[in-house]
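Topology and contacts: notes
One-letter residues, chain by chain:
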Amino acid sequence: MAKIELNQIAHTYDIDISNPTYALEEFSITWEDGGRYAILGPSGCGKTTMLNIMSGIVHPTQGRILFDGVDVTATDTSNRNIAQVFQFPVIYNTMTVQENLAFPLVCRGVANSRIKEKVDEVAETLGLTNLLRKLALKLTADQKQLISLGRGLVRDDVAAVLMDEPLTVIDPDLKFRLRRKLKEINEKYKLTLIYVTHDQNEAMTFAEQIVVMDKGKIVQVGTPRDLFEKPETTFVGYFIGSPAMNLFKCEVASEDEVLFCGAKFKTSSDLRSVSQSSEVQMGIRSEFIQVASEKSENTIPAKVKMIDDCGNFKLISAQCENFEVKVKVNRQMSISQESLLLKFPAEKCCVYHGEKLV
Amino acid sequence: MDLVAENLVFRPENEYHLNNVSFTMTRGKLYTILGRTLAGKTTLLKTIAGLIAPDSGSITYSGKEFGSLPVWKRNVAMVYQQFINYPHLTVFDNVAFPLKQRKVSTATIQQKVSQALQQVGLQGFEERKIQALSGGQQQRVALARSLVKEAELLLLDEPLVNLDYKLREQLRDEFRGIFNSGLMDQSILIYSSTDPVETMQLGGDVVVMDEGSVLQQAKAQDVFEHPADTRVALIANDPAMNLIAGEKTGGMIVINQAIRMDVPRHLKSLMDGRYTFGIRAADISIDKEGDLWEVELSEISGSETFIHLRNGEHSIVGLLEMVKDIQIGEKISVQFDTQWLYAFDQKGDLAASPFQKAD
């Protein structure tokens with residue numbers, strides 16, 4: 001259990017480093033002891049590289065790694081006391097659950113009585129007690145993934161558990177069981193958990209803090225709520241949320257208004273730092289747009305193009321002049337008319353200048 | 001021009017992969033096979049393609065026996081989960097491959113490949129090597145290759161499952177555009193998926209499968225509104241529909257002795273007795289007047305909060321709009337919006353739905 005600091009880390013896989021392409025551009029970040037984090041981003045954004053640098057599988061081109069203030073940059077993987085859980089369960093199929101869980105301790109020459117105590121405790125926490133004598137081969141995918149995790153937990157000296165897309169092979173209705181276990185473990189052992197994924201839902205439901213990455217850079221660190229309501233860049237607005245945030249090209253009209261489709265829209269951004277008539281983008285989540293009954297501030301007429309019934313909600317695709325707007329509404333709302341009046345509540349309208357939140 | 005399967009059975013090593021599967025599919029329509037992993041979706045597609053010979057049962061296409069035809073005579077195109085392309089060929093040559101095999105003229109190849117690449121949004125990529133493409137682009141190449149074949153049967157086996165979440169969303173929209181563009185009027189399209197929302201969005205007819213059997217075949221909306229049984233209610237909803245055993249007695253529905261609800265109008269005509277009641281996560285809300293449930297887990301997904309709740313032996317999932325701060329272990333009072341309550345009989349078959357049947 002440790003606080004992990006990454007100081008001015010950068011990494012390139014190029015051998016010739018005279019003009020390298022960086023898989024990770026220089027960044028610093030601190031993972032607090034006992035925190036529950038997710039690293040989120042599309043394929044190739046550098047998230048697995050970051051994880052591998054922490055575990056010691058990859059040695060960074062530049063920078064230092066500190067575990068509780070101790071420099072471990074040159075320490076190899078086996079001495080960093082990191083537990084890892086991968087996309088697919090990595091377990092010994094020919095061993096029983098008990099033997100699988102005991103293995104890391106047996107390898108370290110721990111006394112038998114202590115091994116039994118530890119294995120029983122971890123099995124109880126993970127709900128594996130009844131399966132201890134079973135062959136690992138006979139288990140379901142989520143049980144196998146719990147064993148991978150359990151092997152990390154039996155050691156007393158684990159600094160952090162790093163997980164790379166651990167729920168990929170788990171059926172949707174079992175995923176929550178594993179997430180719940182992870183949260184319990186986080187509470188009980190005060191373990192630092194770092195979870196890598198490209199799936200925003202998994203990141204949002206798992207983590208207290210999410211690190212969003214794109215093209216080798218950290219673009220925002222925040223709580224799920226921050227990322228959803230106040231994305232700091234248009235990329236985060238696009239990447240978090242389903243559907244992506246609506247973004248409209250418009251002009252600055254006053255200190256808190258933009259000119260969109262010929263009308264002034266009040267926003268939540270302070271636009272004094274951006275000069276009048278500058279081209280900006282207004283962003284609003286499809287969840288926050290309302291269907292209005294009468295014209296008022298921030299309303300705009302729209303033509304309905306398509307209505308998708310998605311089960312729990314309906315998704316309206318509508319056209320406001322040249323802009324397409326997506327609006328998420330309750331499944332029970334009936335929309336028969338072809339034109340709607342949409343309201344963009346001012347406190348939910350964010351303004352982006354050069355792709356960054358103003 | 002129907003594809004008709006009758007009583008297909010495939011049972012290697014005494015385990016049913018297909019268990020008496022029957023269906024009829026019509027040209028010009030899209031069918032989604034919805035089921036969890038190992039439901040038999042891939043086996044079914046492979047059986048249609050001729051890659052698996054069933055132990056018994058028959059498949060006919062426009063009235064002709066299809067089962068004994070070898071793969072290459074079936075005029076079938078398949079897109080797999082993995083991005084399968086010829087790694088040493090360019091994008092153009094990958095897409096042109098089936099046409100070259102058929103010795104089609106160069107001019108026609110040129111024209112058809114360009115058209116297909118345009119449909120999948122890869123114009124300008126003709127000379128690129130496959131390795132230089134992203135996963136999403138590679139899957140578009142595979143789709144383009146299956147389009148130029150103008151196959152009578154186009155089979156897509158969870159084509160988006162190996163893509164990034166966001167890319168999946170984008171490609172799903174694009175695929176839907178292609179499917180609806182009229183180009184597929186001469187084909188039967190069969191798309192397999194584990195994702196109920198994807199199935200709803202693609203529209204078309206849904207074939208719900210579990211453990212090798214077809215549980216229901218109906219329009220997507222119909223499966224949503226009238227799930228044939230409790231298994232369909234679980235598979236065709238995300239999160240799965242909450243199912244709770246209880247009793248209808250007089251004007252009340254009683255669950256666990258402690259939880260009592262007035263019988264909603266659409267369930268009044270049900271006979272008194274024991275049922276499994278179904279309610280979707282979105283139809284559960286926090287309400288002071290409700291019954292107490294313990295929070296096992298609370299998860300935020302941006303605009304929504306999922307709460308996992310327990311009361312005695314029953315556990316349910318609720319989906320609340322907006323971000324709510326709810327602690328694990330907290331006891332909260334919860335109300336079911338009973339106007340959306342389903343009832344399933346003792347066998348698990350649908351006894352009553354809150355929706356009126358369309359016909």
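Owing to the predicted nature of the structure, the values given are computational and were not obtained by experimental measurement. (Residues numbered from 1 in each chain as written. Chains lettered and ligands numbered in written order. Predicted model: local features only at pLDDT ≥ 70, side-chain atom pairs only at ≥ 80, totals over all residues.)

**Some details on the overall build of chain B**
In plain terms, the rule: By the criteria applied, helices consist of DSSP H or I runs no shorter than four residues and strands consist of E runs no shorter than two, each listed in order from the N terminus. Working definition of burial: number of other C-beta atoms within 10 Å of the residue's own, with buried at 20 or more, exposed at 12 or fewer, and partly exposed in between, all C-beta atoms being placed from the backbone. Placing a C-beta atom from the backbone of each residue, one calls two residues in contact when those atoms lie within 7 Å.
When helices and strands are counted, chain B shows eight helices and 20 strands. Summarising its shape, the C-alpha atoms of chain B cover approximately 75 × 45 × 40 Å along the three principal directions. Across the 359 residues that make up chain B, the buried fraction comes to 42%. The contacts in chain B between residues at least 6 apart in sequence include a share of 67% that link residues at least 24 apart.

**Details of the confidence of the model for chain B**
The following threshold applies: Each residue gets a pLDDT score, which is the predictor's confidence in that residue and runs from 0 to 100.
The share of residues in chain B with pLDDT of 70 or more is 99%, and the mean pLDDT across the chain is 90. Two summary scores accompany this predicted model of the complex, namely pTM at 0.85 and ipTM at 0.77.

**As for helix H1 (residues 41–49) of chain B**
Residues and elements named next belong to chain B. Across the nine residues of H1, seven count as buried, placing the element largely inside the fold. Residues of H1 that are buried include every one of Lys41, Thr42, Thr43, Leu44, Leu45, Thr47 and Ile48, and no others. Downstream of H1 by a residue or two, Gly50 has a phi angle that is positive, lying close to 95°.

**Here's the deal with the interface of chain A and chain B**
Applied cut-off: Three residue categories are used. Nonpolar comprises Ala, Val, Leu, Ile, Met, Phe, Trp, Tyr, Cys and Pro, charged comprises Asp, Glu, Lys and Arg, and polar comprises the others, including Gly.
Taken together, the contact pairs 28 residues of chain A with 29 residues of chain B. Every element with two or more residues in the side of chain A that touches chain B is listed here: helix H5 (172–189), helix H6 (200–206), helix H7 (224–229) and strand S16 (299–309) of chain A. Across the side of chain A that touches chain B, the residue classes tally to nine nonpolar, nine polar and ten charged.

**Topic: the confidence of the model for chain A**
Residue-level pLDDT values for chain A average 90, and 99% of them are 70 or greater. Mean pLDDT across the secondary structure elements of chain A bottoms out at H5(A), with 79, and peaks at strand S20 (residues 350–353) of chain A, with 96.

**What about helix H4 (residues 135–148) of chain B?**
Residues and elements named next belong to chain B. For the record, the criterion: Helices are assigned an expected span. That span is 1.5 Å times one less than the residue count.
Taking 1.5 Å as the rise per residue, H4 with 14 residues should run 20 Å; its terminal C-alpha atoms sit 20 Å apart, in good agreement. Within H4, twelve of the 14 residues are buried, leaving the element largely enclosed by the surrounding structure. The secondary structure elements touched by the buried residues of H4 are strand S6 (76–79), helix H2 (91–101), helix H3 (106–119), strand S7 (153–157) and helix H5 (165–179). Of the residues trailing H4, Glu150 is marked for its positive phi of about 45°.

**Let's talk about the domain arrangement of chain A**
Note: interface size is frequently given as the accessible area lost on complex formation between the parts. Residues and elements named next belong to chain A. Filter applied, for reference: An automatic or database domain assignment provides the domain bounds reported here.
Taken domain by domain, chain A comprises domain 1 (4–236) and domain 2 (244–357). In this assembly, five residues from domain 1 lie in contact with nine residues from domain 2. Classifying every residue of the side of domain 1 that touches domain 2 gives one nonpolar, two polar and two charged.

**Quick word on the sheet that holds strand S6 (residues 82–85) of chain A**
Think of a sheet as strands paired side by side through backbone hydrogen bonds, with each pair either parallel or antiparallel. Residues and elements named next belong to chain A. For the record, the criterion: Note: two strands are recorded as paired if DSSP finds a minimum of 2 bridges between them. Axes here refer to lines fitted to C-alpha atoms; in helices the fit is confined to the stretch in contact. Angles between the N-to-C directions go from 0 to 180 degrees.
Taken in spatial order, the six strands of this open sheet run S6-S7-S8-S3-S9-S10, and their pairing is mixed. Two strands in the sheet have a free side with no partner beyond their single neighbour: S6 and strand S10 (217–222). Taken over all neighbouring pairs, the strand axes of this sheet differ in orientation by 20° on average, direction set aside. In the sheet, strand S9 (residues 209–214) pairs with S10 via five bridges, with the strands oriented antiparallel. Residue pairing in the sheet places Val211 in a bridge with Val221 of S10. Where helix H1 (residues 47–55) meets the sheet, it contacts strand S3 (36–40), S6, strand S7 (160–164), strand S8 (192–197) and S9, and its direction lies at approximately 150° from that of S7. Across the sheet, helix H4 (residues 141–153) lies against S6 and S7, angled at about 175° from S6, the strand it touches most.

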